[in-house]
There are 2 protein chains.
Amino acid sequence: MKPTIRDVARMAEVSISTVSRVMNAPNSVVESKRNRVMEAVERLRYQPNSFARGLIYKKSFTLGLLIPDIENLYFAGVIRGMQDACIKLGYSLMICNTDRDKERLLSYIDNFHEKQVDGIVFASDVLYPEYHDKLVGCRIPFVLVSSHSDEFDIPSVEVDDEEAAYDAVKFLIDLGHKDIGMIGFNHDNSVSGPPRYEGFVRALTESGLQQNIMKSKYASHRFEHAYQAAHELFTDYPELTAVFCVADEFAMGTISYLKDRNILVPGQVSVIGFDNLRMSSMFIPKLTTIAQPIYELGYRAAEKLHELLTTGEVQVLNEKMEHKLIVRESTREK
Amino acid sequence: MKPTIRDVARMAEVSISTVSRVMNAPNSVVESKRNRVMEAVERLRYQPNSFARGLIYKKSFTLGLLIPDIENLYFAGVIRGMQDACIKLGYSLMICNTDRDKERLLSYIDNFHEKQVDGIVFASDVLYPEYHDKLVGCRIPFVLVSSHSDEFDIPSVEVDDEEAAYDAVKFLIDLGHKDIGMIGFNHDNSVSGPPRYEGFVRALTESGLQQNIMKSKYASHRFEHAYQAAHELFTDYPELTAVFCVADEFAMGTISYLKDRNILVPGQVSVIGFDNLRMSSMFIPKLTTIAQPIYELGYRAAEKLHELLTTGEVQVLNEKMEHKLIVRESTREK
DNA sequence: CTGAAAGCGCTAACAC
DNA sequence: GTGTTAGCGCTTTCAG
């Protein structure tokens, strides 16, 4: 049996309120008693029961995080950032991996509701009205990270996808490439799919390279799909000398395909990625990519949620963080 | 304000006990009342408060997972397995990433204690007496995954590291290699370091290749360290034609180093890894490796913990799961 | 089959 | 400063 406040009180020969006081406002208790209590706490290894506390405070000091795919390195970074922020702010963190499964996501929300999490960070996924309504119905405050909502006014933190994609493609163009393809996210299940495509289009158009706009194929989040998409892309457009991949994992899939076809990267084809995962500098060749401040995104999302929780609102609704081009070995001048 | 059982009772015009009954034993309530209650529950989106429940049941139906490094793909698999098992068994999961920091780990245990997790899965790390004592002091049952303890009798699930390492090295020998090196884990902060080294030694000795035993360098968990260790290894032993890496991430670091030195893999040097991460089949060249049943390890650990929690003991204390050699492209006959 | 009431461990008035 | 006590929301006897 775990010791309760009563056991501590008995051992220290004080009332339970005194024990409660030394746990919460030590200075309001005279030193002699305080010491006795603290000693009893030590000896019994007493830890206040958070159920009892939760009942009173009506807060769990726990945040929930919903991520689509824990096997994607991107989210490991978001988790680290968020976890560090949680430590700083005094929250525990509950991470749930939805595997991009609607039912699972919905049931995790129920779970969060039951466990009384104070707020939720919803990562990277499209906020379908169904999700939104459920969250609102449960009265759980939430923010979006690496995502945003056009339909609803939900606080969010992300990079400027359009601008970042533009920068990537512009870099390829400045390298002298004229035949540029793209491996993008399917637009129907991805928030960043459309803006990154827009960035691709804008860079091309601005340089009079519109003929490339159609040279894009789509994949859904994973390496294998990107490999397949690369196959389609190079079958249709063998003239390509550069490709913009909207995720580092796509860049790896593309390079892997090219390798199997004996096409050299960056010798014959330049490939640029997006995200700057930890793996990206380990890959061969090391990936040129658009770095997202992944850790910071997670950190900031937790702070923003905290802001929402404590003040009831956020200073800036939709926040953009800086991206940065990282030039490594997968791209070369044409 | 979230609705309470009282609100539901009022709306359904029954007592709170009746509401409690339809939530927990619906059949003990006549249909008419039951329907009224269920309707009220729907309309109010009532969700029982788990604090109040926890106070009564003295259980949180939550498990804790302690992992050393969430940016290591290995743990993503463990998490997935464990999370699926948790869903099946009716637990929520609380994941904490220690970043291999002692203080942090200890404070997470306090956190788990306070949050009243029912049990903990401790992943991959060495169970220092300090950790053991704290866990025991908190009276939180726990099991080890991808780890074991020689000092204490703690339930564990892992692969047979010695045997698996032996298989890896034997494979290299059977390929005709006579000059074989190793990049291992530092023995002082790794559980699987020693047994994998033992496997290396046994395979070598058995084939009369003892002269290789000294040809080993150590790294601590990450790519960059393995890159450095590979540098040391090949500086000291340039004659090597094969290297056994005790982690896929080490194999990647080694290959990356070799690539920078313009040494071909597998053309001039064969490299075998260990783990079979998702990335390993994406790497160039695709990694030959010893596959661990990562997902199953996580799944099984949760089941084992559940067994410990419900029956007070486990059928088999230290459980070994099957590993498997996966031959891909990073190895070749000598 | 159903309601009243006790109590889980804790905090926060409220007296002293 | 410190103790007493009334709940927080729920489950579970115990009567009826």
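Residues numbered from 1 in each chain as written. Chains lettered and ligands numbered in written order. Predicted model: local features only at pLDDT ≥ 70, side-chain atom pairs only at ≥ 80, totals over all residues. Heavy atoms only, no water.

Q: So, the sheet that holds strand 9 (residues 270-275) of chain A: which residues are in play, and what are the values?
A: Residue and element names in this part refer to chain A. The mixed open sheet is built from six strands, whose spatial order is 7-6-8-9-10-12. If you trace the sheet from one side to the other, it starts and ends with strand 7 (216-219) and strand 12 (324-326), each paired once. Ignoring which end each strand starts from, the neighbouring axes of this sheet average 20° apart. In this sheet, strand 9 lies alongside strand 8 (residues 242-245) in parallel orientation, the contact comprising three bridges. Residue pairing in the sheet places Ala 242 in a bridge with Ser 270 of strand 9. The strands touched by helix 9 (residues 193-206) are strand 6 (180-185), strand 7, strand 8 and strand 9; relative to strand 6, the strand with the most contacts, the crossing angle is about 165°. (Pairing = 2+ DSSP bridges. Helix = DSSP H or I, 4+ residues; strand = E, 2+ residues; numbered from the N terminus. Axes fitted to C-alpha atoms, helices over the stretch in contact; angles between N-to-C directions. Contact = heavy atoms within 4.5 Å.)

Q: Please provide a residue-by-residue account of the pairing of strand 1 (residues 62-67) of chain B, values included.
A: Strand 1 of chain B sits mainly inside the fold: six of its six residues count as buried. As a crossover connection, the stretch from strand 1 of chain B through helix 5 (residues 73-89) of chain B into strand 2 (residues 92-97) of chain B is right-handed. (Buried < 20%, exposed > 50% of the residue type's maximum accessible area, 1.4 Å probe, protein only. Right-handed = clockwise from strand over helix to strand, strands pointing away.)

Q: Quick one: what's the story with the protein's contact with DNA strand D, residue by residue and with numbers?
A: Near DNA strand D you find 26 residues, and of these Ser 17, Thr 18 and Arg 21 of chain A together with Ile 5 and Tyr 46 of chain B are the closest. What you see for DNA strand D is that sugar and phosphate hold 64% of its atoms within 4 Å of the protein. A distance of 2.5 Å is found between a phosphate oxygen of DNA strand D and a side-chain nitrogen or oxygen belonging to Thr 18 of chain A. The contact in question runs from a phosphate oxygen of DNA strand D to an N or O atom on the side chain of Tyr 46 of chain B, over 2.5 Å. (Near = heavy atom within 4 Å. Polar contact = N/O pair within 3.5 Å; in protein donor to acceptor, adjacent residues only side chain to side chain.)

Q: Talk me through the nonpolar core; I want residue IDs and the actual numbers.
A: Membership of the largest hydrophobic core comes to 166 residues, with the highest contact counts inside it found for Ile 183 and Phe 244 of chain A together with Phe 244 of chain B. Excluding anything up to four places from it in sequence, Ile 183 of chain A contacts Lys 217, Ala 219, Ala 226, Ala 229, Ala 230, Leu 233, Val 243, Phe 244, Cys 245, Val 246, Phe 250 and Thr 254 of chain A. Val 117 and Leu 144 of chain A together with Met 94 and Ile 109 of chain B belong to the second-largest nonpolar core, a separate cluster that totals 40 residues. (Core = buried A, V, L, I, M, F, W, Y, C linked by side-chain atoms within 4.5 Å.)

Structural measurements only, silent on function.
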